[in-house]
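Below, each chain spelled out in residue letters.
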Amino acid sequence: MAFDTDGGILFLDCLLDGARMKCFRRVAAVATVVATVGVAGLGRPAVALAQAGASPWRDYCNSAAGRQHFDLRIGGCTAMLGRTDNAPADIAAFLTNRGTAYGELGEFDLALGDFRTALTLVPQRPGTLVNRAIVHRRRGDLDAALADINRYIAVSPDSIDGLTERCRILAVQGQDLAAAEADCNTALTQSPGLWYAHRNRAMVRLRQGRLDAALADFDAAEAGSASVAALALYGRGVIKVKRGQTAEGEADMARATGLTPYLPSVFLAYGLPGEPEDRLATNPDYAAALAGTEDRSFQALAEQCEGAPGIDAIAACTALLRRGTIDPPQIPLLLELRGGQLMQAGRFIDALGDLNHALELVPASAFAYSRRAYIRLLQDRLDDGVSDASRAVSIEDDAYSRWVRAELYFARKDYARAVSDLDEAIRFDAETAGYYALRGDSWLALESYARAVADFDTAIRLEPGNASYLNSRCWARSLQGRQLDLALADCEASLKIVDDPNTLDSRASVKLQMGDFAGALADYDAAFTREPGFYGSQYGRGLARIRLGQVEAGRRDIAAALAARADADADFKKMGQTP
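What counts, and at which threshold
- Residue positions are counted from 1 within each chain, in the order its sequence is given.
- For this predicted model, a pLDDT threshold of at least 70 governs which residues receive local features, and a threshold of 80 or more governs which side-chain atom pairs are given and counted, while totals over whole chains, interfaces and linings are taken from all residues.
- Note that water and hydrogens are dropped before the side-chain values are worked out from all heavy atoms of the structure.
- Secondary structure elements are defined from DSSP: runs of H or I of at least 4 residues count as helices, runs of E of at least 2 residues count as strands, and each element is numbered from the N terminus.
- Contact definition: two residues touch when any of their heavy atoms are within 4.5 Å.
- Burial classification: accessible surface area is computed with a 1.4 Å probe over protein chains only, and a residue below 20% of its type maximum counts as buried, one above 50% as exposed, and the rest as partly exposed.
- Only a pair of cysteine sulfur atoms within 2.5 Å counts as a disulfide in this structure description.

Peer 1: Where do I start with the overall build of the protein chain in this structure?
Peer 2: A count of helical and extended segments in the protein chain gives 32 helices and 2 strands. Long-range pairs, those at least 24 residues apart, make up 58% of the contacts in the protein chain with a sequence separation of at least 6.

Peer 1: How should unusual backbone geometry be read in this particular structure?
Peer 2: Note on backbone geometry: most residues besides glycine have negative phi, and most peptide bonds are trans. Phi is positive for Glu-447, close to 60°, though the residue is something other than glycine. Residue position: Glu-447 is located in the loop between helix 24 (433-445) and helix 25 (449-462). We classify Glu-447 as partly exposed; its relative accessible area is 48%. A positive phi angle is found at Gln-483, which is not glycine, with a value near 50°. On the secondary structure map, Gln-483 appears in the loop between helix 26 (467-480) and helix 27 (484-497). The partly exposed category is assigned to Gln-483, whose relative accessible area is 41%.

Peer 1: Can you help me understand the state of the cysteines in this one?
Peer 2: Here is the idea: a disulfide is a covalent bond, and it sits between the sulfur atoms of two cysteines. Inspection of every chain in the model, using the stated rule, returns 4 disulfides. Across the disulfide, Cys-61 is cross-linked to Cys-77 (sulfur-sulfur distance 2.0 Å). With the S-S bond torsion at 90°, the cross-link from Cys-61 to Cys-77 turns out right-handed. You can see Cys-61 sitting in helix 2 (residues 57-62) and its partner Cys-77 sitting in helix 3 (residues 70-81), a full 16 residues away along the chain. When sorted by exposure, Cys-61 lands in the same class as Cys-77, which is buried. There is a disulfide in this structure between Cys-305 and Cys-317, and the S-S distance comes to 2.0 Å.

Here it is in structure tokens:
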């Protein structure tokens, strides 16, 4: 999307980090902790939000500062549009920049409204025409996009950016790919190596079926800008799929999507493998909440931003940013509040945008570092997460930062450090069940079963109806090989709450040790049928079959499980259960 600064054009392709959930046995416990402590509950002191006096809102609207933070651009431009000393050309520029930001957020109707007013003031304004063309393209109105970009090129015939954008529009339209390629060729003749011209031409050639030429353009685009690396990787994946290298190609596409979750929507627009883009603006609950803020007072919005849950808080914080009425030193606080709410809502990319920008403005924020560390955990970026969590602990040591770092250490299999951090988290807050549950899991990994059971006892006392904790205590007693009747009772109680294959696997291990081989076989079979990746369940099914005299079938299960996962027998050895 182009931002208009003093009549110029800068094309930005912002590639965002992905959010790939790492699932493991305790994922329910992680969610429980986040839901229990909330956003403001740990490390985020309540601070009254104040209205702005003199402010740098012009910078947010016009300058490079905060260029990628679109709500702040909207706020800056809104603030400037509220002045009474603007010349028509200034108003058109502010409207164009605000419309561009709305377009980046997927709020196309608002964007087009601003562009329409700007063009009423300055009818042939180049920056407005090109940005409106981009919004038309992104909302799928390709005829309108082509009309606007042709008007732009007529006004600015030497613009390379105009040619590359028309190349892109024609490529998406798919009706005149030769003309599309000609525009990109002209742009590259005038500016050899221009990475986004190579990117656009790669899409043209991909649609033409000229795979070698498309591959060369993807390589050239990536060589020109590291920001296009994920797109190039996805494009190479599409090429491999078209060449019959399906598995390898789909793996490349998946890796690229992990780096940039919105990327498949780009290819979908060209009629290539992809999926629709997921934007917050398309969430009907959020759109309704945001619309409901229009007539709210500043104070009401401030209270809603700080105190309301979920979508309502996100909408209120957004409204404050967009109005340009917040005192600028409090912008980082507002971003942190919204970032924490977005994190809880599972909007990790949006949350990272807020937290990253907050840290740019105030580098010593324990709240922002600890929340970003949690997102890194879910992205499986463990080293980055530990670094962020450690920064948070060094700035302001609290329970949440210690818990997040413990989760990261656990994921890295550094269980002793996880226990150490959880000791500190519990010292700060002895009433959060998830801290005991994670420490119990850490003790399990360290084969300290009595300590694990004790921690699960406490977690269950604090949250008696938590199925995950009941299953964990069942599993700990099963590994311990003691109090199997209590272990069975825990698994039964857990399954009454949630019918989970993890718990079926745990109950099967208890039944196996108690000599109920038929019951163990039934549970292992059910767990493995529902989750074919549970090779421990397949191994256990083999043991149960052997115990029942079905020796050949049991041996086949065991061999298959060990072939798929070499350590499928590890837990059974701890329980003394071997073929």
